[in-house]
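So you can see what is in the structure, the chains are spelled out below.
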Amino acid sequence: MTVDVKEDPANDSRAFSDSIQLLYASTVQSTAAAVIGSVAVAYFMLDIIAAKTVYTWLACMLTFAAGRFVLSLLYTKQQPQQHTLYKWAHLYALLAGLIGAGWGVAAYFFLLPDQASYQTTLTLVIVGYMAGSVTTLSTFPPAFWAMALPSLLALALRTSELGGNMNYGLTFMILVFLAFLLASARRMHDSLMTSLTLRYVNENLVTSLHDKQRATEELNLSLSREVEERKQTEAALIQANKEVKAADIAKSTFLANMSHEIRTPMNAIIGMSQLALQSNLDVKQRNYVEKVNRSAIGLLGIINDILDFSKIEAGKLNLENTDFRLEDVFDSVKNLIEYKAEEKGLKLIVMQPDDLPTALIGDQLRLGQILANIGNNAVKFTHSGAITISVDVVEQSQDHVMLHFSVSDTGIGMSDEQQQNLFRSFSQADSSITRVYGGTGLGLVICQQLTSMMGGEIWVESREHIGSTFHFTARFQKQQGEPSKQLSLNRNISHSSHAQNSARLHGARVLLVEDNEINQELAEDILVRHGISVTLANNGEQALKRLEHGTFDCVLMDCQMPVMDGYTATRKIREQERFATLPVLAMTANTMTGDREKALAAGMNAHIAKPIDVDEMLHTMARWIDVATPANVEATQPASDNELANLPGIDIAAGLNIAMNKEALYRRLLIKFRDTYGGFETDFRAAVDGIDPDAPAKVAHSLKGVAGNLGMHELYQSLLQLEMACKNHEPQLEKKLQQVTDKLATVMTGLKRLGPRI
């Protein structure tokens, strides 16, 4: 909304006076920044520039900074008259120009060829200093022009002289950035002057109202004029109220614009610091730049919160209405908070009903923002226990659904008095929360506004020292026919032929990391039959040792193993630069939502699901493996063994397919299964009674992967349900365990006919 401010020389003069006062008020911070930046640059440049040159430049910079500080002291002491303000403003601009010229000298003479890390550091300091100065010097734009033009133009000139496509590109970016800063300084100055002028207009309005009130009291002596005077007063009050509201909207608009103007150079700082981290920095420089990057990202998060809040206040925040999958939202939120929860030793539980509609239409990002904000708060204020995220249906029709979300924790909780302040702007439960945990106090206010815009509401239930549960509801439209559409898309994926993939992999050296003997034998035989050399490791720790003494084209990594799991092993592999390009492929029965993302986040390249689909496995391996020096391996041929009979609970055709139709191998695997897993129930109950809460799920997971590979589909499904019940810590496991033992007994009865292991 545009506010029409009538020109008044008195108001303009007062606004200019205040802007110059703000200019001088920021001198301490800007002087400190100049001194710190100059000292830091001088310290860095001593490695490559003559000490005399560096110290001379530093002395000049400190002199200019001291001069600006002394000028500020004189301004404060003398309190100049209105007619001398332009002189003081231009003196300040002169000293700012000297400082800018000093930075320009550094940019031109200190940027040396073949010194990439120093070039990047100096460029970051100059660009960052100019970006930070725009807010303090925009109160008098000539001061900012005087500082920014010599420094950034000199920097652009020097980078262009260095030559090369990258430097030419950097020159162009610096010039664009300079133009953007100059325009930003002008916009900030105009917005500031408008805001100050509005304040004086409002003061004049208030004064005018007081005058009219006094006139009304005098006119009350005359009844004939009383009604007319009251009408005039009421009209003036209405007009004043409109202008006050207009001024408030102008304030919110100014805040939104300021947030945008600050966020844009912040993006440049983050991007350039990330580029710097990719260059050859020494330890100290990398430490400095990493801190700059982390601080900038943290500041950007705060700015984003302020921007969202200002958009809501100004009525400019709109929700999108697009197709999305609810499980994708949960995956994204889980990935955001899972690492912090694991760092604190917290369990993260996600609960949702089987019949939950997940193909929805609405604003996926804003829903994820609400869940992530509440989830991060839960992790922040919880030191032990668990975080539970759940969703259920409140009401639904053919086209719409109202969902109820809740996030529960076992954290510090809140008193009734603290809960009263939760949904107020810039406030938290009490002031100690900000001191201990940090935060702006805007997150829940934004969540409250977003839930309201989604047709729902938000509330909290909490008990001090026990925990809190945040609830909110939201209304969405349903997608029509989405599941069948997804399945048809999945079936259209085309792969290279089995023979082509096998030929490409012939002679490859593979490290197979698997703790289960049956899975080891099955995978090893499949790989060897395709001419692939296989080395075995029983856990992640053994895999690291094998890699120290051998050369491999790929690692096939199980995820759940004793001693060291696959995720940890992969992270340790990626820590070694020589293994940066070594393909690590997850080969695991963890195929639930989010498992693939977890594997990729750990550093794995792809995900191969168990039960093994041989064609899919070969296709994935052929896509990642480049056989540089083929190993001398002869592919084996299937043996003939007709002793297998119809076995209950086992899909023999599926099992033989996974075993590459090698009946002798398949028979050997079935016998090993019979001899290994006969005591599953005893092992599972021992795990339930043990101290490790994750042990029951691991026991079920181990048997599940083998059963799937051998074609025991019903047993596999029962084990999948038992494993999920263990992971969700369901109290009653007996029924699901009984289903597993019944199906396992059926399988074992048939396997007894196969005789002893050969």
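Treat the numbers as computed from the prediction; the structure is a model and nothing was measured.

## As for the overall build of the protein
Within the protein one finds 27 helices and 12 strands. Split into buried and exposed, the 758 residues of the protein put 47% on the buried side. Element-wise, carbon and sulfur atoms account for 54% of the exposed surface of the protein, whose accessible area totals about 37,900 Å².

## Focus on the sheet that holds strand S12 (residues 606-609)
Within a sheet, each strand pairs with its neighbour through backbone hydrogen bonds, oriented either parallel or antiparallel. Pairing in this open sheet of five strands is parallel, and the strands run S9-S8-S10-S11-S12 from one edge to the other. Both edges of this open sheet fall to strand S9 (533-537) and S12, since each of them pairs with a single strand only. Geometrically, the sheet is characterised by an average inter-axis angle of 25° between neighbouring strands, direction not taken into account. Examined bridge by bridge, strand S8 (residues 509-513) and S9 share five bridges and lie parallel to one another. Counterpart to Arg509 in the pairing with S9 is Ser533.

## Side note on the nonpolar core
Counting 61 residues, the largest nonpolar core has Leu556, Met621, Phe673, Met712 and Leu751 as the members making the most contacts within it. Other than its neighbours up to four places away in sequence, Leu556 contacts Val510, Leu511, Leu512, Val513, Leu527, Leu585, Met587, Ile608 and Met621. With 57 residues, the next largest nonpolar core counts Tyr129, Val134, Phe140 and Leu155 among its residues.

## Overview of the pattern of salt bridges
Evaluation of the coordinates by the stated rule reveals 13 salt bridges. Put simply, Arg325 and Glu327 hold a salt bridge, and the shortest N to O gap is 3.0 Å. For Arg325, a relative accessible area of 12% puts it in the buried group. In this structure, Asp675 and Arg674 form a salt bridge, with 3.0 Å as the shortest nitrogen-oxygen distance. Classification of Arg674 by relative accessible area gives buried; the value is 15%.

## Re helix H24 (residues 680-689)
Of the positions making up H24, those classed as buried are Phe680, Phe684 and Ala687. Down the axis, H24 shows its buried residues gathered within 60° of arc, on one side only. Facing away from the buried side of H24 by more than 90 degrees, the exposed set consists of Thr682, Ala686 and Asp689. Lining the buried residues of H24 we find helix H25 (695-709), helix H26 (713-727) and helix H27 (734-751).

## Let's talk about the confidence of the model for the protein
Looking at the protein as a whole, the pLDDT averages 79, with 82% of positions reaching at least 70. Of all helices and strands in the protein, the one with the weakest mean pLDDT is helix H15 (residues 482-490) (35), whereas strand S10 (residues 554-557) scores best (94). Note on residues 1-5: pLDDT under 50 across the span, and eight contacts to partners over four residues away in sequence or across chains. The low-confidence segment residues 484-496 (pLDDT under 50) makes five contacts with residues lying over four places distant or belonging to another chain.

## Regarding unusual backbone geometry
Positive phi values are uncommon outside glycine, yet His465 reaches one of about 70°. With respect to the helices and strands, the residue His465 is situated in the loop between strand S6 (458-463) and strand S7 (467-478). In this structure, Val563 takes a positive phi of about 70° despite not being glycine. Tracing the chain through its elements places Val563 in the loop between S10 and helix H19 (566-574). Classification of Val563 as exposed rests on a relative accessible area of 63%.

## Concerning the packing of helix H2 (residues 27-45) against helix H4 (residues 85-110)
Running from N to C, H2 and H4 point in directions that differ by 15°, and their axes come no closer than 12 Å. Of the possible angle classes, the one that applies to H2 and H4 is roughly parallel. Of the two elements, H2 crosses H4, and the hand of that crossing is left-handed. Contact residues: Thr27, Ser30, Ala34, Gly37, Ser38, Val41 and Met45 in H2; Tyr92, Trp103 and Phe110 in H4. Considered class by class, the residues forming the contact of H2 with H4 number six nonpolar, four polar and no charged.

## Looking at H19
All of the buried residues along H19 are Gly566, Tyr567, Ala569, Thr570 and Ile573. Buried residues of H19, seen end-on, are gathered within an arc of 165° and therefore sit on one face of the element. The residue sitting at the N-terminus of H19 and contributing the capping side-chain oxygen is Asp565; that oxygen lies 3.2 Å from the backbone nitrogen of Tyr567.

## Here we look at the side chain of His471
Positionally, His471 belongs in strand S7. Given a relative accessible area of 10%, His471 falls into the buried group. At 2.9 Å, the side chain of His471 forms a polar contact with the side chain of His404. Contact partners of His471, with chain neighbours within four places excluded, come to His404, Phe405, Ser406, Glu457, Ile458, Trp459 and Glu461.

## Let's talk about the environment of Phe330
Examined against the element boundaries, Phe330 turns out to sit in helix H10 (residues 326-343). For Phe330, a relative accessible area of 5% puts it in the buried group. Here the alpha-carbon distance between Phe330 and Leu367, two residues 37 residues apart in the chain, equals 9.8 Å. Each residue touching Phe330, except ones within four places of it in the same chain, is listed here: Val350, Gln352, Ile389, Val391 and Phe405.

## Focus: the side chain of Asn373
Residue position: Asn373 is located in helix H11 (residues 364-380). In this structure Asn373 comes out as buried when scored by relative accessible area, which is 18%.

## Some words on the packing of aromatic side chains
Scanning the entire structure with this criterion turns up 14 aromatic pairs. Aromatic pair Trp103 and Tyr129: ring centres 5.6 Å apart, planes at 45°, arrangement tilted. Here Tyr129 lies in helix H5 (residues 116-137) and Trp103 lies in helix H4, a separation of 26 residues in the sequence. A ring pair is formed by Tyr108 and Phe109, whose centres lie 5.1 Å apart and whose planes are at 80°; its orientation type is edge-to-face. Over the face of the ring belonging to Tyr108 we find Arg158, whose NZ or CZ atom lies 5.8 Å from the ring centre.

## Let's talk about the packing of helix H3 (residues 51-78) against H4
Packed helices, taken two at a time, are described by their axes: the angle between them and the distance between them. Where H3 meets H4, the axes come as close as 10 Å, and the angle between the chain directions of the two elements is 165°. Looking at the two axes, H3 sits roughly antiparallel to H4. For H3 against H4, the interelement crossing comes out left-handed. Partitioned by chemical class, the residues of the contact of H3 with H4 number 20 nonpolar, four polar and one charged.

## Points about a nonpolar patch on the surface
Judged by side-chain polarity, Trp145, Leu149, Leu153 and Leu175 come together as a nonpolar surface patch covering roughly 310 Å² of accessible area. Ranked by residues supplied to the nonpolar patch, first place goes to helix H6 (residues 141-162) with three residues. Take Leu153: it is sitting in helix H6. The exposure class of Leu153 is partly exposed, given its relative accessible area of 42%.

Calculation rules
- Residues numbered from 1 in each chain as written.
- Predicted model: local features only at pLDDT ≥ 70, side-chain atom pairs only at ≥ 80, totals over all residues.
- Heavy atoms only, no water.
- Helix = DSSP H or I, 4+ residues; strand = E, 2+ residues; numbered from the N terminus.
- Buried < 20%, exposed > 50% of the residue type's maximum accessible area, 1.4 Å probe, protein only.
- Areas by Shrake-Rupley, 256 points an atom, 1.4 Å probe, with all protein chains shown as cover.
- Pairing = 2+ DSSP bridges.
- Axes fitted to C-alpha atoms, helices over the stretch in contact; angles between N-to-C directions.
- Core = buried A, V, L, I, M, F, W, Y, C linked by side-chain atoms within 4.5 Å.
- Contact = heavy atoms within 4.5 Å.
- Salt bridge = Lys/Arg side-chain N within 4 Å of Asp/Glu carboxyl O.
- Arc of directions from axis to C-beta.
- pLDDT = per-residue confidence, 0-100.
- Parallel < 35°, antiparallel > 145°, perpendicular 65-115°, else oblique.
- Left-handed = near helix turned anticlockwise from the far one by under 90°.
- Nonpolar A, V, L, I, M, F, W, Y, C, P; charged D, E, K, R; others polar.
- Polar contact = N/O pair within 3.5 Å; in protein donor to acceptor, adjacent residues only side chain to side chain.
- Phe/Tyr/Trp six-rings, centres within 6.5 Å; stacked < 30°, edge-to-face > 60°.
- Lys NZ or Arg CZ within 6 Å of the ring centre and 35° of its normal.
- Patch = residues over 30% accessible without salt bridge, like charges linked within 9 Å, V, L, I, M, F, W, Y side chains within 5 Å.

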